[in-house]
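# Structural features, examined
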Amino acid sequence: MAPPPLLKPTPRPCHIKTTAPSNLATAFGEQQWVTAANLAKQRYRTTKDPYYLAVEIAAKSQSDNLTDRNAGKIAVENMVKENVTISDADTLDMYELSCYYLNVKYSETIGVLRGRLVKALPKDQNACTRCFDACVWFSDWKNAQQIAASLNKNFVNDRKFLFRYIMATHLYSTSQDCPDGSRKIFSSLAKAQADKAFDLRVMTAGEEYHVNRAVLTDAEVWLWLDIRIIHSTQKENLELFRRSEYSPLRFLESGQYDLFWKAYKYLQACDASDDIIQIGKHILITATHRFQSEADAIEKDADVINLRKLASAEDNQQSPVEISSVKTKLDRAIAKARPARSSEDNYYVAATCDYQMLFIMLNEIQSQPDNKRLMKQTNNSIDKLTRALKRADCMRPIFQRSLSIVSLAAIFHRDSTPDLALGNPMTTRVTCLVDYINQGFDNPNLLLETLLFIRELSAPEIEACVSSLYNIGTKSADSFKRFMLAALCSKIRYTVAGNPKLATCGFCNTELKGNDCVSCLKGIAIDALDTYKIGIEDHNLRQDILSRQGENPLSDIAITGAACLLRIARLGSKRSSYGTNSLHHANIQLFLQAVLWLDSCTRTSLPIKSVHSIILTKLYVILGSVVRAKNLWDPYAVKNVLLDSLGLLFIDRLSSITPGLFIMGTSHSNPVEPFMTHFSRGLRVTTPKRIMDSLEMGNYQSIPGIVQFAKKQAASCSLVLTVVEDRRASRMKTGKIELAIEDQALVRTLNHSSYQVTRKC
């Protein structure tokens, strides 16, 4: 299914030549179109210069006269049909302006004329570059590719033209304009040119070769890697990445970490388990050797030895100031004794901080036939690295966090099927998970990090884990920690209290009736409410939350408790019939209790999480209390990309409840106005400008991503529903809309193929 075409970008700036009469330049610049057209017409009669004819047509195209508005389109189509070549870029700019507001396909009209200009004047770098930029601005990759090929051929000493040619060929081969019969040809051409730029030569057996990447930037190598992944077969790429010269490790050793990660993720997508395991082992072993060498040098230093003895002897004898002074001197001595690291050393050290990479390696080990042996070896390697870090005095929080979670994953993989026959659910993996949670209780991402492990636990193990955390929290003198652990226990219980894929509850192991364990949800809601009441009256806890300016366990508890009430109330469990509210089949009393609970939390002086406001906003919209929902939504300032993902939580079917909100007041009070502005600016201004800026700065690797993002924006449901909400509100207010929906600037491009938009909207 092909995506809809991109929205036409804003017109490019068009200025009169400096050689033109000043009165014509002034009239055109001030948009005095009638005067400008007449002056251009007079100038054309005098000079017979085709440029002034184009200026006249461009000026007339801005008028309301239908004949004048279509003059540019007719002239361009005739020139294309009669094989006319315009050898002046300024003249083409005028014809481009004259056709902008008309329904013409750029690649078949102006783009063709720009291609002819380049063929006629291949050595005119300025004119050819202007034509290339214009084609890129209008996403005409067909003609942009041809122009880029000419620029690369005629200006071989300028490397930017080579990579523009590669990039344009690659994008044209993946665009809708490329015929199916030619797609493979252009794909092969893009790959061949990229390989040539990367100095990748096809070698015969036994030949020696050398790869020199020193002249390539990260952006250029990224473009090459993108093209290889898209246009080469999996077998070809795996053979390439298995050569030492092109291994992902070479990217890491060169300091190109993003490229290393891209290649590493590609190996994962290809199920290249052996390669991933070998790369992970090499990184662990190399980093360990680096730290051990540093530790050996530090431990042999006389100053460090003496200061460590002094610090150890005086810990219990000197004042805190004197102890601090000794430790400061010790830190300086260690830094002085530490051998200088090479750049390659630093890259390997940085790689060990990325626990996702090691996570991938552990998952691949799990799929191996001899996974027990490999897992034991990996766990030993991680332990050695941990000891080396501590010896070298390099154990920073980021290392501690990465290695702790990787060690936890290794334990879970190793003890994937624990023996519960002895009746003790507090298994090794549960004990390690509890220790990890206890150490990082204030980490905002803790639940996301541990959720994968929690879902692997059996019901008795989950119960033991929650009980252990609850006991730790109860015994803690720190009220903030106590409530953070209580909030986390509620989240864990809520997460496992119902799974559509399971027949029993993941916590109490009772048979499910539907998708939820109602008894568990009730218990969670009751416990959460009791904890919330105690916490809201705890003055010390409130002061602690305010001082931290971040985590608020009371907000977390309220969200979890309210979510339980909503699930018990069966909100959204059944599809409402047409014309009925989402609350039609729900328990209204429980729904209102959830709303009041969340709302009461917002009325305290404590900071609340953004998800808290979003959930409450949606509930108020469902309830029909739009004023309260808008008061919560407006300060949240959802904008830009977040509008596409979160905005519909507020505006979806809002016009059915309060159509007057869309019409009364200024355009700024219209709830969908930010959406209109965001999508219009994004598709018409931001996208082409970002592409041009990336070209100018040589960030070729970002251009395919920009194009892909724009295609997704053009096909966005948020975009269509924004217009639908606006039109529905207008229809409810006035009863009739004169403008057809396909004439709406943001939606008309969707009116084709499988994206057909109904006129009833």
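Residues numbered from 1 in each chain as written. Predicted model: local features only at pLDDT ≥ 70, side-chain atom pairs only at ≥ 80, totals over all residues. Heavy atoms only, no water.

## Some details on the overall build of the chain
The test is simple: Only DSSP runs of H or I with at least four residues qualify as helices, and only runs of E with at least two residues qualify as strands; both kinds are numbered from the N terminus onward. Between buried and exposed lies partly exposed: a residue is buried under 20% and exposed over 50% of the maximum accessible area for its type, with that area taken using a 1.4 Å probe on protein chains only. Throughout, a residue-residue contact means that at least one pair of heavy atoms, one from each residue, lies within 4.5 Å.
Helix and strand counts for the chain come out as 37 helices and 0 strands. Buried positions account for 48% of the 761 residues belonging to the chain. Long-range pairs, those at least 24 residues apart, make up 68% of the contacts in the chain with a sequence separation of at least 6.

## What about the side chain of Glu-220?
Rule in force here: For this analysis, a polar contact is any N or O atom pair within 3.5 Å, provided that within protein one partner can donate a hydrogen and the other can accept it, and provided that sequence-adjacent residues contribute only side-chain to side-chain pairs.
Position of Glu-220 among the secondary structure elements: in helix 11 (residues 218-231). By relative accessible area, Glu-220 is classed as buried at 6%. In terms of polar contacts, Glu-220 uses its side chain to reach the side chain of Arg-159, at 2.6 Å.

## Some thoughts on the packing of aromatic side chains
By convention here, two paired aromatic rings are described through the distance between centres and the angle between planes. We apply this condition: What counts as a ring pair is set by centres within 6.5 Å for rings of Phe, Tyr and Trp (its six-membered ring), and what kind of pair is set by the plane angle: stacked under 30 degrees, edge-to-face over 60, tilted for all other angles.
Applying the stated criterion across every chain, the model contains 18 aromatic pairs. Between the aromatic rings of Phe-198 and Tyr-246, the centroid separation amounts to 6.1 Å while the plane-to-plane angle is 40°, which identifies the pairing as tilted. Taken as a pair, Phe-198 in the loop between helix 10 (180-197) and helix 11 and Tyr-246 in the loop between helix 12 (234-241) and helix 13 (248-253) lie far apart in primary sequence, 48 residues in all. What makes Phe-198 buried here is its relative accessible area of 1%. Within the aromatic cluster, the residues linked to one another by ring pairs are Tyr-257, Phe-260, Trp-261 and Tyr-264.

## Regarding the pattern of salt bridges
Which entries qualify depends on this criterion: Basic side-chain nitrogens of Lys or Arg form a salt bridge, by our definition, when they fall within 4 Å of a carboxyl oxygen of Asp or Glu.
A complete count under the given rule lists 33 salt bridges for this structure. Here Lys-262 ties to Asp-226 by a salt bridge, and the two come within 2.9 Å at their closest N and O atoms. Taken together, the residues Lys-262 in helix 14 (residues 257-269) and Asp-226 in helix 11 connect sequence positions 36 residues apart. With its nearest N and O atoms 2.9 Å apart, the salt bridge here joins Glu-461 to Arg-429. Taken together, the positions of Glu-461 in helix 24 (residues 459-475) and Arg-429 in helix 22 (residues 428-439) put the pair 32 residues apart, joining distant regions of the chain. With a relative accessible area of 0%, Glu-461 lands in the buried category. Salt bridges sharing common partners tie together Arg-12, Asp-90, Asp-93, Glu-96, Arg-114 and Arg-130.

## What about the environment of Ile-534?
Looking at the secondary structure, you find Ile-534 in helix 26 (residues 518-536). Separated by 51 residues in sequence, Ile-534 and Phe-483 have C-alpha atoms that sit 9.8 Å apart.

## Considerations on helix 31 (residues 626-636)
Applicable threshold: Taken from the helix axis, the directions to the C-beta atoms give the arc we talk about.
Listed as buried for helix 31 are Val-626, Ala-629, Leu-632 and Trp-633. All buried residues of helix 31 fall inside an arc of 130° around its axis, so they share one side. Of the exposed residues in helix 31, those oriented more than 90 degrees away from the buried face are Val-627 and Pro-635.

## Remarks on empty space enclosed by the protein
This is how it is decided: Definitions used throughout: a 1 Å grid over protein atoms alone; a cavity as a set of points that fits a 1.4 Å probe which cannot get out; a pocket as an open set with protein on both sides within 12 Å along at least five of seven lines; a lining residue as one with an atom within 4 Å of a point. Grid points are joined across faces, edges and corners, and a volume is the space filled by probe spheres set on the points. Nonpolar residues are Ala, Val, Leu, Ile, Met, Phe, Trp, Tyr, Cys and Pro. Charged residues are Asp, Glu, Lys and Arg, and all others, Gly as well, are polar.
Within the structure shown, the criterion is met by 2 cavities of 30 Å³ or more. One number sums up the size of the largest cavity: a volume of about 50 Å³. Class assignment for the residues of the lining of the largest cavity results in 6 nonpolar, no polar and 3 charged. In this model, the second largest cavity occupies a volume close to 40 Å³. Together, Phe-163, Ile-166, Ala-194, Ala-197, Phe-198, Leu-216, Glu-220, Val-221, Leu-223 and Trp-224 line the second largest cavity. Where the lining of the second largest cavity is concerned, the elements lending two or more residues are helix 9 (159-173), helix 10 and helix 11. It is helix 11 that contributes the most residues to the lining of the second largest cavity, 4 residues altogether. Per-class residue counts for the lining of the second largest cavity are 9 nonpolar, no polar and 1 charged.

## Some words on the state of the cysteines
Note the cut-off: We call a pair of cysteine sulfur atoms a disulfide whenever their separation is within 2.5 Å.
Counting across every chain of the model gives 0 disulfides. Lacking any disulfide linkage, Cys-489 is separated from the closest cysteine sulfur, that of Cys-465, by 7.4 Å.

## Things to note about a nonpolar patch on the surface
Using the following cut-off: Residues with no salt bridge and a relative accessible area higher than 30% make up the patches, which join like charges within 9 Å and nonpolar side chains (Val, Leu, Ile, Met, Phe, Trp, Tyr) within 5 Å. Using the Shrake-Rupley algorithm and a 1.4 Å probe, accessible areas are obtained, with residue cover drawn only from the displayed protein chains.
Nonpolar side chains collect at one region of the surface, where Ile-588, Leu-592 and Leu-623 lie side by side and expose about 220 Å² of accessible area between them. Topologically, Ile-588 is positioned in helix 29 (residues 588-602). Taking relative accessible area as the criterion, Ile-588 reaches 39% and is therefore assigned partly exposed.

## Focus: unusual backbone geometry
Backbone geometry places Gln-31, a non-glycine residue, at a positive phi of 60°. Mapped onto the fold, Gln-31 is located in the loop between helix 1 (22-29) and helix 2 (33-47). We classify Gln-31 as exposed; its relative accessible area is 55%. Positive phi, close to 55°, is recorded for Asp-271, a residue that is not glycine. The topology assignment puts Asp-271 in the loop between helix 14 and helix 15 (273-299). A relative accessible area of 61% places Asp-271 in the exposed class.

## Some details on the packing of helix 14 against helix 15
The line we're drawing: Axis definition: a line fitted to C-alpha atoms, limited for helices to the stretch in contact. Angles are taken between N-to-C directions and run from 0 to 180 degrees. Note on terminology: angles under 35 degrees are roughly parallel, angles over 145 are roughly antiparallel, angles of 65 to 115 are roughly perpendicular, and the others are oblique.
At their nearest, the axes of helix 14 and helix 15 sit 9 Å apart, and the two run at 140° to each other. It follows from the interaxial angle that helix 14 and helix 15 lie oblique. Across from Phe-260, Tyr-264, Leu-267 and Gln-268 in helix 14, the residues of helix 15 making contact are Asp-275, Ile-276, Ile-279 and Ile-283. Of the residues in the contact of helix 14 with helix 15, the class split is 6 nonpolar, 1 polar and 1 charged.

## Quick notes on the nonpolar core
Quick note on the threshold: Buried Ala, Val, Leu, Ile, Met, Phe, Trp, Tyr and Cys residues that are joined via side-chain atoms within 4.5 Å together make up what is termed a nonpolar core.
The biggest cluster of nonpolar side chains holds 214 residues, and the ones touching the most others in it are Trp-141 and Phe-291. Excluding its chain neighbours within four sequence positions, the residues that come into contact with Phe-291 are Arg-341, Val-349, Leu-385, Ala-388, Leu-389, Ala-392, Cys-394 and Phe-399. Among the nonpolar cores identified, the runner-up in size contains 7 residues, and Ile-298, Leu-330, Ala-333 and Ile-334 belong to it.

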